[in-house]
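# Summary of structural features
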Amino acid sequence: MQKSVEESVPLNLHASCVALDETSGLLITGPSGCGKSTLALTLMGFGAHLVSDDRTGLRREGETLVATAPATISGMIEARGVGLLSATPLSHTRIRALVDLSQSETDRLPPVREKALIGISIPMFFRVDGPGFAPALIQWLKGGRVA
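So, how was this worked out
Residues numbered from 1 in each chain as written. Predicted model: local features only at pLDDT ≥ 70, side-chain atom pairs only at ≥ 80, totals over all residues. Heavy atoms only, no water. Helix = DSSP H or I, 4+ residues; strand = E, 2+ residues; numbered from the N terminus. Rg over C-alpha atoms; globule rule 2.2 N^0.38 Å. Buried < 20%, exposed > 50% of the residue type's maximum accessible area, 1.4 Å probe, protein only. Pairing = 2+ DSSP bridges.

Looking now at the overall build of the protein chain. Of the regular secondary structure elements, the protein chain holds three helices and 11 strands. Counting from the amino terminus, helix and strand elements in the protein chain follow one another as α-β-β-β-α-β-β-β-β-β-β-β-β-α. Against the globule reference of 15 Å for 147 residues, the protein chain gives a C-alpha radius of gyration of 15 Å, in line with a compact fold. C-alpha extents for the protein chain along the principal axes are approximately 45 × 40 × 25 Å.

Here's what the structure looks like:
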């Protein structure tokens, strides 16, 4: 079966990606210096695995988005003030949601938001400053959101 052009042309994003496994990835986007790697490291501290840091390859496979790391940076994550750290990466993951660190959440119970990437809509969260944000994202990956 031949893949469509949409499925075979990857997108290279300025983003980090972590996942619980090959089916539960979280894409972290935002401008340089906004905390993508810091959030990824925090999520890793709560049990997530590194897929990619700073650059993420994204491709469409049917109705799913799959993230990978460029070979040149696979298994590395930057920790400001510490340096480049080594991590055993997942080779790929299905993206379940996106965190946009360029926008701050102002609602206590925010509306459901979505972002379309390569023609597929996925849930989107805005930055929440505070210690509960990373564990809440891990729990969302495990169980989703109630209404």
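Next up on the list: unusual backbone geometry. Positive phi values are uncommon outside glycine, yet Asp-54 reaches one of about 80°. Along the chain, the position of Asp-54 falls in the loop between strand 4 (49-52) and strand 5 (56-61).

Before going further, it helps to spend a moment on the pairing of strand 3 (residues 25-29). Among the five residues of strand 3, five are classified as buried, and the element is accordingly described as predominantly covered. Here strand 3 shows no split at all, with Gly-25, Leu-27 and Thr-29 on one side and Leu-26 and Ile-28 on the other all buried. As paired elements, strand 2 (residues 15-19) and strand 3 share five bridges and run antiparallel to each other. Bridged to Ser-16 within strand 3 is Ile-28. Between strand 2 and strand 3, which pair antiparallel in sequence order, lie five residues. Two elements, strand 3 and strand 9 (residues 93-104), share five bridges in a ladder whose sense is parallel. In the sheet register, Ile-28 faces strand 9, and the bridge partner there is Val-99.

In short, shape yes, function no, at least from these values alone.
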